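Below are the chains, spelled out letter by letter.
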Amino acid sequence: MFLVKDTIQKRHEKILSFLDMEPAIAVLLAAADFEWTVRRTILACGSSSIKDLREGALQKCHGPPKYAKCWKKEVTPRFHKELKSIIRDWEFFSNNAFQLRHKLIHGVQGTTGAKYARKRVESIIAASKAIAEFAAENGAQIYGTRIRRVKSR
């Protein structure tokens, strides 16, 4: 659905294009974009080697609480910012927006209305934007390039 070379704007336009006709798809796409963005930022800004991150901390990392824990271990020591402080309204994002993704993907809920989904999709997109901005402000390129680091920092 998305390519590494896609810009954040292109990704978010595509996500929002699904909101009115297929709101459940918009939620799932927004969640996929968030997870890709947070994982790439942890890879780019983390302390461990890429191999160690992929085979270790990120291998079984899913959902906001686990990403926050991984971020705290890998990124916070270098940049002194926790993921919860980067994502505005962490509580709504984690407990409402991302939970809708969980309900949809695991079949607890079959669909959702556009009005209900909109606020949640916007929250997830805002989280992705905030993380991408953090990466850019700290010199980390997460779009369009392969992230490489053989040794831990």
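Small disclaimer: the values here were computed from a predicted structure and weren't measured.

**Q** Could you give an account of the side chain of threonine 76, naming the residues involved and the relevant values?
**A** Mapped onto the elements, threonine 76 comes out in helix H5 (residues 76-79). Within the structure, the side chain of threonine 76 is placed 3.0 Å from the backbone oxygen of lysine 81, a separation counted as a polar contact. Not counting chain neighbours up to four residues away, the residues in contact with threonine 76 comprise Trp71, Lys81 and Glu82.

**Q** Describe the nonpolar core, listing the residues and the values that go with them.
**A** The biggest cluster of nonpolar side chains holds 50 residues, and the ones touching the most others in it are Phe34, Ile42, Trp71 and Leu83. Sorting the residues of this core by element identifies helix H1 (8-17), helix H2 (23-45), helix H3 (50-55), helix H4 (64-74), helix H6 (83-86), helix H7 (90-105) and helix H8 (114-137) as the ones contributing at least two each. With twelve residues, the top contributor of residues to this core is H2.

**Q** Go over the layout of surface pockets with me, naming the residues and quoting the values.
**A** What the largest pocket holds in volume is close to 240 Å³. Considering the residues around the largest pocket, the lining is formed by 13 residues, among which Ile8, Gln9, Ala132, Glu133 and Tyr143 are closest to the centre. Mapped onto the lining of the largest pocket, the elements with two or more residues apiece are H1 and H8. Of the residues that constitute the lining of the largest pocket, the class distribution is seven nonpolar, four polar and two charged. Taken as a whole, the second largest pocket spans an internal volume of roughly 150 Å³.

**Q** Summarise the pattern of salt bridges; cite the residues concerned and give the values.
**A** For the structure on display, the rule yields five salt bridges. Across the pair lysine 10 and aspartate 6 runs a salt bridge whose closest N-O atoms are separated by 3.7 Å. Among the residues examined, lysine 10 registers a relative accessible area of 46% and is labelled partly exposed. Notably, a salt bridge pairs aspartate 20 with arginine 118, separated by 3.2 Å at the nearest N-O pair. Of this pair, aspartate 20 sits in the loop between H1 and H2 while arginine 118 sits in helix H8, and the two are 98 residues apart along the sequence. The exposed category is assigned to aspartate 20, whose relative accessible area is 59%. For arginine 118, a relative accessible area of 32% translates into the label partly exposed.

Reading the values: rules and limits
- Residues numbered from 1 in each chain as written.
- Predicted model: local features only at pLDDT ≥ 70, side-chain atom pairs only at ≥ 80, totals over all residues.
- Heavy atoms only, no water.
- Helix = DSSP H or I, 4+ residues; strand = E, 2+ residues; numbered from the N terminus.
- Polar contact = N/O pair within 3.5 Å; in protein donor to acceptor, adjacent residues only side chain to side chain.
- Contact = heavy atoms within 4.5 Å.
- Core = buried A, V, L, I, M, F, W, Y, C linked by side-chain atoms within 4.5 Å.
- Buried < 20%, exposed > 50% of the residue type's maximum accessible area, 1.4 Å probe, protein only.
- 1 Å grid on protein atoms, 1.4 Å probe; cavity = no way out; pocket = protein on both sides within 12 Å on 5 of 7 lines; lining within 4 Å.
- Points joined across faces, edges and corners; volume = space filled by probe spheres on them.
- Nonpolar A, V, L, I, M, F, W, Y, C, P; charged D, E, K, R; others polar.
- Salt bridge = Lys/Arg side-chain N within 4 Å of Asp/Glu carboxyl O.

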